[in-house]
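Read off the chains here:
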Amino acid sequence: MKTQCIIAFLALAMFAGCATSGKTFYWGEYSSTLYDLKKNPDEKTLEAHKKTLLLIMEESGKREKQVPPGVYAEYGYILLRSGNEADGMEFLDKETSLYPESAIFIQRIKSEYARRIK
Amino acid sequence: MKSSRFVIPWILFLSLGGCAPSHITKEEFAPEMYTEKPVSILVLPPINKTTAADAKEYYATTVAEPLTNSGYYVYPMEVVYDILQQEGLFDTETMMNVPPQKFGEYFGADAVLYVTLLEWNTHYFLTSGNVTVKAACELRSTHTGNLIWFYDEAVEVSTTGDTGGAGGIAGLLVQAITTAVKTATQSYIPVARDASAKIFLAMPFGKYHKQFGQDRKSQVEKKENPTQQEKAK
């Protein structure tokens with residue numbers, strides 16, 4: 001009985017060594033709704049993906065995690081494309097304050113947008 | 001008692017074997033990752049070397065999650081692709097000729113990730129089948145242009161059906177049908193996600209990972225350098 005316990009314990013310990021610890025970020029259904037959007041790009045799949053992005057922001061807060069890289073930027077970009085400039089810009093700025101390494105990229109999005117609406 | 005003495009080392013050996021077939025530490029495998037410490041990674045659209053035309057767009061959806069979870073800032077790919085398209089640079093084949101340094105200037109990225117899809121296949125023959133996804137990644141520094149990390153992984157999921165308990169010819173017939181159904185309905189996406197997860201877990205962890213800088217001695221599977229393989233051909 002004792003040896004059985006030891007064996008079980010050792011096996012468990014080894015597996016635990018292989019397993020990964022808690023994830024750095026919370027991504028929710030991101031990969032699924034993005035896949036659906038790629039497969040059938042329409043209003044419905046775009047709405048579902050926007051919903052996922054908003055849910056990631058909400059859930060990250062609840063789980064005391066940082067919003068994952070690119071989520072604010074992607075959401076802001078979708079808003080810009082749909083003509084919601086004020087909110088779009090706000091989300092782009094959120095990306096830069098959370099991740100300063102995104103500054104050049106966000107500036108690139110803004111200047112592309114400015115060029116397009118001219 | 002005698003038999004369990006034999007069993008314990010055997011279990012230990014097996015579980016170790018399950019973790020990593022041939023070992024090397026992350027630091028020995030990719031020393032420049034620890035000296036350069038890239039923070040932000042630009043993922044280019046995958047190069048598709050498979051016959052499935054839509055594979056590259058679909059595979060791309062599986063990259064951001066595991067790559068950020070390994071601690072990196074990853075530029076949102078949808079937005080990046082749009083911008084690249086506006087610049088007339090959508091195919092990675094064309095982008096391969098752009099020096100990595102340019103992507104550093106243009107997006108502010110520390111490194112560029114080139115993904116190559118090598119397999120996106122269904123193998124199917126009467127009573128047995130499987131779905132395979134194989135991808136290879138190369139990370140280049142935008143500061144030096146050097147290859148600073150690479151990895152590849154193949155994931156295969158069996159779609160072989162069961163006989164439903166029937167024996168002989170009847171059992172084979174049932175198996176042929178269940179295999180056909182399982183093979184036809186198996187989605188590539190979970191297989192692709194699994195491949196991405198394995199690839200980026202083997203990467204030295206970045207700034208946003210809680211083990212950043214502390215995983216030098218972690219063991220990873222030793223892979224062949226794809227650039228040297230190309231040269232040898």
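From a predicted model like this one, the values you see are computed outputs, not experimental measurements. (Residues numbered from 1 in each chain as written. Chains lettered and ligands numbered in written order. Predicted model: local features only at pLDDT ≥ 70, side-chain atom pairs only at ≥ 80, totals over all residues. Heavy atoms only, no water.)

Some details on the nonpolar core
- Membership of the largest hydrophobic core comes to 89 residues, with the highest contact counts inside it found for A:Phe105, B:Tyr59, B:Leu67, B:Leu113, B:Trp120 and B:Trp149.
- Ranked by the residues each element gives to this core, the list is headed by helix H4 (residues 71–81) of chain A, at eight residues.
- Every residue in contact with B:Trp120, bar those within four places of it in the chain, is listed here: B:Thr50, B:Ala52, B:Ala55, B:Tyr58, B:Tyr59, B:Thr132, B:Val133, B:Tyr188, B:Ile189 and B:Ala192. (Core = buried A, V, L, I, M, F, W, Y, C linked by side-chain atoms within 4.5 Å. Buried < 20%, exposed > 50% of the residue type's maximum accessible area, 1.4 Å probe, protein only. Helix = DSSP H or I, 4+ residues; strand = E, 2+ residues; numbered from the N terminus. Contact = heavy atoms within 4.5 Å.)

Topic: the confidence of the model for chain A
All names here are of chain A.
- Per-residue confidence for chain A gives a mean pLDDT of 87, with 82% of residues at or over 70.
- When pLDDT is averaged over each helix and strand of chain A, the minimum, 53, is found for helix H1 (residues 2–18) and the maximum, 98, for helix H5 (residues 85–98).
- Below pLDDT 50 for its whole length, residues 15–21 participates in four contacts with residues either more than four positions away or in separate chains. (pLDDT = per-residue confidence, 0-100.)

Considerations on H5(A)
- In this model H5(A) runs 20 Å from its N-terminal to its C-terminal C-alpha over 14 residues, within 8% of the 20 Å that 1.5 Å per residue would give.
- Buried within H5(A) are the following residues: A:Gly88, A:Met89, A:Phe91, A:Leu92 and A:Glu95. Taken end-on, H5(A) shows its buried residues confined to a sector of 160°, consistent with a single buried face. Exposed residues pointing more than 90 degrees away from the buried face of H5(A) are listed as A:Ala86 and A:Ser97.
- Buried residues belonging to H5(A) abut helix H3 (43–62), H4 and helix H6 (103–117) of chain A together with strand S4 (73–74) of chain B. (Expected span 1.5 Å × (residues − 1). Arc of directions from axis to C-beta.)

A short note on H6(A)
- Its 15 residues place the ends of H6(A) 21 Å apart at the C-alpha level, agreeing with the 21 Å of an ideal helix rising 1.5 Å per residue.
- Among the residues of H6(A), A:Phe105, A:Ile106, A:Ile109, A:Glu112 and A:Tyr113 are the ones counted as buried. Taken down its axis, H6(A) places every buried residue within 120° of arc, on the same side.
- At its buried positions, H6(A) is contacted by H4 and H5 of chain A together with helix H6 (77–86) and helix H8 (100–107) of chain B.

Quick word on the environment of B:Ala192
All names here are of chain B.
- Relative to the helices and strands, Ala 192 is located in helix H10 (residues 188–201).
- By relative accessible area, which is 0% here, Ala 192 ends up buried.
- The spatial distance from the C-alpha of Ala 192 to the C-alpha of Leu 173 is 30 Å, given a sequence separation of 19 residues.
- Look past the residues within four positions of Ala 192 in its chain and what remains in contact with it is Tyr 59, Thr 62, Trp 120 and Val 133.

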